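Fold and geometry: a report
Here's the letter readout for the chains.
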Amino acid sequence: MPVHFTADEMAARKRRLLAAMAERRLDGLLLFAQESDYWLTGYDSFGFCFFQCLYVGSDGRVALLTRAPDLRQARHTSNIVDIRIWTDGEGADPTRDLRAMLEDLGARGRLGVEFDSYGLTHFNGLRLQATLAGLAELVDASSLVAALRTTKSAEELVYVREAARLSDLADRAALAATKAGADEGEILAEMHHAIFAAGGDYPGNEFIIGSGADALLCRYKSGRRKLSPDDQLTLEFAGVSRHYHAAIMRTHIVGRPRPQHVAYHAAAREALAACEAELRPGRAAGEVFAAHARVFDAHGLARHRLNACGYSLGAKFTPSWMDPPMFYDRNAFVVAAGQVYFLHMILMDSATGAAMCIGRTYLVGLNHAEALNAVELDLAIK
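What comes next is a walk through the structure. Computed from a prediction, not measured in an experiment: that's the story for all the values here. Counting restarts for each chain: residues are numbered from 1 in the order of the written sequence. Selection of residues for local features in this predicted model requires a pLDDT of at least 70, selection of side-chain atom pairs for listing and counting requires 80 or more, and totals for whole chains, interfaces and linings are taken over all residues. Side-chain descriptors were evaluated using all non-hydrogen atoms of the structure, hydrogens and water having been removed beforehand.

1. Digging into the side chain of Gln-52
Within the secondary structure, Gln-52 sits in the loop between α2 (34-41) and β2 (53-57). Polar contact is defined as a pair of N or O atoms within 3.5 Å, subject to the rule that within protein one atom must be able to donate a hydrogen and the other to accept it, and that residues adjacent in sequence are counted only when both atoms are side-chain atoms. Side-chain polar atoms of Gln-52 contact the side chain of Gln-34, separated by 3.3 Å. Within the local environment of Gln-52, its side chain forms a polar contact with the side chain of Tyr-43, the two groups lying 3.0 Å apart. Put simply, DSSP H or I for four residues or longer makes a helix, DSSP E for two residues or longer makes a strand, and each gets a number counted from the N terminus.

2. Focus on the layout of surface pockets
Over the atoms rolls a probe the size of a water molecule, and its path tells where empty space is left. A cavity here means a set of 1 Å grid points, computed over protein atoms only, where a 1.4 Å probe fits but cannot escape. A pocket is an open set with protein on both sides within 12 Å along at least 5 of 7 lines, and lining residues have an atom within 4 Å of a point. Grid points are joined across faces, edges and corners, and a volume is the space filled by probe spheres set on the points. Within this model, the largest pocket holds a volume of roughly 620 Å³. In terms of lining, the largest pocket is formed by 26 residues, of which the most central are Asp-116, Ala-146, Lys-316, Asp-323 and Pro-324. Those elements giving two or more residues to the lining of the largest pocket turn out to be α2, α6 (144-150) and β11 (323-328). Among the residues making up the lining of the largest pocket, the classes are represented as eleven nonpolar, nine polar and six charged. The calculated volume of the second largest pocket comes to roughly 320 Å³. Ile-208, Cys-218, Arg-219, Glu-236 and Met-322 are the residues nearest the centre of the second largest pocket, which is lined by 16 residues in total. The nonpolar class holds Ala, Val, Leu, Ile, Met, Phe, Trp, Tyr, Cys and Pro. Asp, Glu, Lys and Arg form the charged class, and all remaining residues, Gly among them, are polar. Taken together, the residues of the lining of the second largest pocket break down into ten nonpolar, three polar and three charged.

3. Examining the packing of aromatic side chains
Working definition: a ring pair exists when centres of Phe, Tyr or Trp rings (six-membered ring for Trp) sit within 6.5 Å. Plane angles under 30 degrees give stacked, over 60 give edge-to-face, the rest tilted. Taken as a whole and judged by the stated rule, the model has ten aromatic pairs. A centroid spacing of 6.0 Å and a plane angle of 50 degrees characterise the contact between Phe-207 and Phe-237, whose relative ring orientation is tilted. Note that Phe-207 is positioned in the loop between α8 (184-197) and β7 (208-211) and Phe-237 in strand β8 (residues 231-241), a separation of 30 residues in sequence. Here Arg-13 stacks its cationic end above the ring of Phe-5, 4.1 Å away from the centre of that ring. Cation over ring: Arg-67 sits above Phe-50, and NZ or CZ is 4.0 Å from the ring centre. Whether a charge sits over a ring comes down to the Lys NZ or Arg CZ being within 6 Å of the ring centre and within 35 degrees of the ring normal.

4. Things to note about helix α1 (residues 7-23)
Taking 1.5 Å of rise per residue, 17 residues should cover 24 Å, and α1 covers 24 Å from first to last C-alpha, within 8% of that figure. We call two residues in contact when some of their heavy atoms are within 4.5 Å. Summarising the contacts, the buried residues of α1 are in contact with β1 (28-31), α2, β2, α6, α7 (154-177) and β9 (244-254). One or two steps after α1, the chain reaches Arg-25, where phi turns positive at roughly 60 degrees. Any helix carries an expected span of 1.5 Å times its number of residues minus one.

5. A short note on the pattern of salt bridges
Between side chains of opposite charge, a pair can form as their charged atoms come close. The working definition used for a salt bridge is a side-chain nitrogen of Lys or Arg within 4 Å of a carboxyl oxygen of Asp or Glu. Taken as a whole, this structure holds 25 salt bridges when the rule is applied. A salt bridge links Arg-165 to Glu-162; the shortest N-O distance between them is 2.8 Å. Linking Arg-165 with Glu-162, this pair stays in helix α7, spanning three residues, or about one helical turn. We call a residue buried when its accessible area falls under 20% of the maximum for its residue type, exposed when it is over 50%, and partly exposed in between, using a 1.4 Å probe and counting protein chains only. For Arg-165, a relative accessible area of 39% corresponds to the partly exposed category. When its relative accessible area of 23% is taken as the criterion, Glu-162 is described as partly exposed.

6. Some details on empty space enclosed by the protein
Across all of its chains, the model carries three cavities of 30 Å³ or more by this definition. There is about 60 Å³ of room inside the largest cavity. Along the walls of the largest cavity sit Arg-250, Thr-251, His-252, His-265, Met-356, Cys-357, Ile-358, Leu-377, Asp-378, Leu-379 and Ala-380, which together make up its complete lining. For the lining of the largest cavity, the secondary-structure elements that each account for two or more residues are β9 and β13 (354-364). A breakdown of the residues in the lining of the largest cavity according to their chemical character gives six nonpolar, three polar and two charged. Here the second largest cavity defines a volume of roughly 40 Å³. Around the second largest cavity, the lining residues are Glu-184, Ile-209, Gly-210, Asp-214, Leu-217, Arg-219, Lys-221 and Gly-223. Looking at the lining of the second largest cavity, its residues break down into two nonpolar, two polar and four charged.

7. Quick word on the side chain of Lys-316
Inspection of the secondary structure assignment puts Lys-316 in the loop between β10 (308-312) and β11. A polar side-chain atom of Lys-316 sits 3.4 Å from a polar atom in the side chain of Glu-35. A polar contact is formed between the side chain of Lys-316 and the backbone oxygen of Met-322, at a distance of 3.3 Å. In this view, Lys-316 contacts Glu-35, Arg-149, His-243, His-245, Trp-321, Met-322 and Asp-323; residues no more than four positions away in its chain are not counted.

8. Re the sheet that holds strand β5 (residues 110-113)
Here we have six strands laid out as an open sheet, ordered β4-β3-β2-β1-β5-β6, and mixed in their pairing. On the outer flanks of this sheet lie β4 (82-85) and β6 (137-140), each paired with one strand and no other. On average, each strand axis in the sheet is tilted by 25 degrees relative to the strand beside it, whichever way the strands run. Strands are labelled as partners when DSSP assigns at least two bridges between them. Bridge count for β5 against β6 is four bridges, and the pairing is parallel. Note on geometry: axes are C-alpha line fits, over the in-contact stretch for helices, and angles between N-to-C directions span 0 to 180 degrees.

Encoded structure:
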């Protein structure tokens, strides 16, 4: 079937969205985040790098405005019936096509807009506001679908658990390939092979890999090296199934670990356990971060830790697999059952050049959090 979920599941999502729109007194919604389109209709494409908009009316009508290359993509992957095309050309302005579509659909009143999304550039946002002036009142609704997506259904959790299984396959492949003289590219290749060969998908962002001094980096960068006889390797990656992510973070040691590696690893495990204890229904995201900070600061590691220690995971598209909410100081978001989070304990000591990271994915249950992957947290020394 073109959509990876049952008709009942998709209908339930639509009912939840329409209820949230009614609560905000919205007559319609203009969706630009690809994650929103996928969640609501199954539409699966990277065509959001160009202008496209999914309209949802308070009466339940749904219509997609996109480019010609995504016409068949939408037909094959989604339950959208009304698909309209804007034409590329010199001086083309798809916001005018959007206005024409909205007028045809009788859209008026208060329209929510996903202004905070990668699918709506500032340039097109300005054109959108100018073109729709006089047609409707535009209000920011960037967080509306994102909030609905945070708590996963039973059908979604099937893919989350599969993503976790795939992440463990990649984890084992990376460890097996890690040794003195190994090329970072070979390690990456083994990790991706493990996921793709088992039916997984591309991740929302590049896998992070860095050894030596680059083990202190939290982002992927171009350029790779071979592991030294005494080295450190930081990896952050995700298994992905139907765009649902389950992430893992590790620092492996090649040869002799430094004293900092052993001490930092013990502190990171302690911090992870403290955060895990807070990750339960009714606790605020800021309380999870506070546990992270409390442990690291007690070990004298405040200057080496980050100002956030995790975030929500779900069905995400490029450029990032990170979903809100994030665990940072005083974040009042309340954790609930059925939510999926990645907790990462990251220590980057620029003074000594030592790195140590531990991270894994959790499903929040009724009373506690269940670790979905990376069950073994011992320091790996190859």
